[in-house]
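Examining the three-dimensional arrangement
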Amino acid sequence: MSPAAVATIFLSAAQVVTAAVVFIEPAMVPPASGYDHFAAAFGEAVARRHPDARLDRVSVRVADLQALAEDVAHLVPPPKGAFVTAHTGIARAVARRWPDAPLVLVTMADPIDLVLVDGNGRATSNVTGITSYSPFEYKHLELLRAVAPTARKIGVVVDRHWEGEALSRRLIAEAPRGLGLSLTVFPMEGPADLSGLSSATASAMDGWLIPDTPTNREQARGIGAALASTRKPSIGGHESHVAAGGLMAYFPADVDGFRRAAGMVSTILGGVPARNIAFDRPRAFRLVIDTRAARQMGIAIPADLLKRADRVIQ
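All figures in this text were calculated on a predicted structure; none of them were measured in a lab. (Residues numbered from 1 in each chain as written. Predicted model: local features only at pLDDT ≥ 70, side-chain atom pairs only at ≥ 80, totals over all residues. Heavy atoms only, no water.)

Some words on the overall build of the protein
Looking only at helices and strands, one finds 13 helices and 12 strands in the protein. The proportion of buried residues among the 314 residues of the protein is 52%. Summarising the internal contacts of the protein: among those between residues at least 6 apart in sequence, 68% fall at separations of at least 24. (Helix = DSSP H or I, 4+ residues; strand = E, 2+ residues; numbered from the N terminus. Buried < 20%, exposed > 50% of the residue type's maximum accessible area, 1.4 Å probe, protein only. Contact = heavy atoms within 4.5 Å.)

Set out below in structure tokens:
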């Protein structure tokens, strides 16, 4: 194990209990893995039904595939329990190394793209989970065009994991052909990257897409403040973007991915194989528009778009 890895913890056989639920996160500071959300849901959805269940937190290196594979190989699949993660690279590595171990994934990506589900919807390993893939990020770009029909350059604020997803690569490649938009990625791994949103490259953008990533949620206020000075329309994949001063947000309605994941874990502990539980997907979405932000930016929101919004902030 590299000494640079942050708090990397491995389970040993002696640590495994009757029912162990192992949350695996990338070794980074801050973790930004969703563990706290899952831990809260675990107490309500799992611990009450399965009092013998224990929640463990494990971090693995994700800087390169070899390090990730090495760390995943050291994990000990719980004889009764499941692995849980919100990181697609970790999910794929676990599914390859431990194909029979129950795995629950919370993701924005398409399970088919991740090779965790085949074209017929069947799990390729003992895996299930929750995905917000619709793909609704194409809808984000369409909504931006409705507000700014002359927009051509869109900045996308994301972490490196989002940029590496198959869906994200496809979105970046297809946007010029399908919507006449070119996408420029602005990395967002932490507060130090906020300065990039005030660069000359950023000032040339006609609008902004802020996908729902753990880092973007954590840095929502900083992102909102940095983009406010650009006076360009922005849309986020989580309501926190509007709360931080962004123009619009479009996101799954009433979907708590980690709560649903905890429910799936409870079902698995009850004896149902993960592969027999279908991936859950959002069925409804909400559009929130802040007309105060629009006025500050000098942007006129089309009346028909306001009628479609689920919530309009006056």
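So, next bit.
A closer look at unusual backbone geometry
Unlike most non-glycine residues, Val115 shows phi in positive territory, near 60 degrees. Its place among the elements puts Val115 in the loop between β4 (103–107) and β5 (127–131). Positive phi, normally seen in glycine, also occurs at Arg231, with a value near 55 degrees. Within the secondary structure, Arg231 is located in the loop between α9 (220–228) and β9 (234–236). Overall, the relative accessible area of 45% leaves Arg231 in the partly exposed class.

Brief notes about the pairing of β5
With respect to burial, β5 is a largely interior element, 5 of its 5 residues being buried. Taking every second residue as pointing to the same face, both faces of β5 are buried, with Val127, Gly129 and Thr131 on one and Thr128 and Ile130 on the other.

With respect to the nonpolar core
The biggest cluster of nonpolar side chains holds 29 residues, and the ones touching the most others in it are Leu141, Ile154, Leu247, Met248, Ile301 and Leu305. Looking at this core, the elements with two or more residues in it are α4 (137–147), β6 (153–158), α6 (166–179), β10 (248–252), β11 (285–290) and α12 (291–297). Top element by residues in this core is α4. It accounts for 5 residues. Residues within four places of Met248 in sequence aside, it is in contact with Leu143, Leu144, Val147, Ser234, Ile235, Gly236, His241, Val242, Val288, Ile289 and Leu305. (Core = buried A, V, L, I, M, F, W, Y, C linked by side-chain atoms within 4.5 Å.)

Observations concerning the sheet that holds β4
Reading across from one edge, β2-β1-β3-β4-β5 is the order of the 5 strands in this open sheet, with parallel pairing throughout. Each of the sheet's edge strands pairs with one partner strand only, and the pair in question is β2 (53–60) and β5. Sheet twist, expressed as the mean angle between neighbouring strand axes with direction ignored, is 20 degrees. With 8 bridges connecting them, strand β1 (residues 19–26) and β2 associate as parallel partners. (Pairing = 2+ DSSP bridges. Axes fitted to C-alpha atoms, helices over the stretch in contact; angles between N-to-C directions.)

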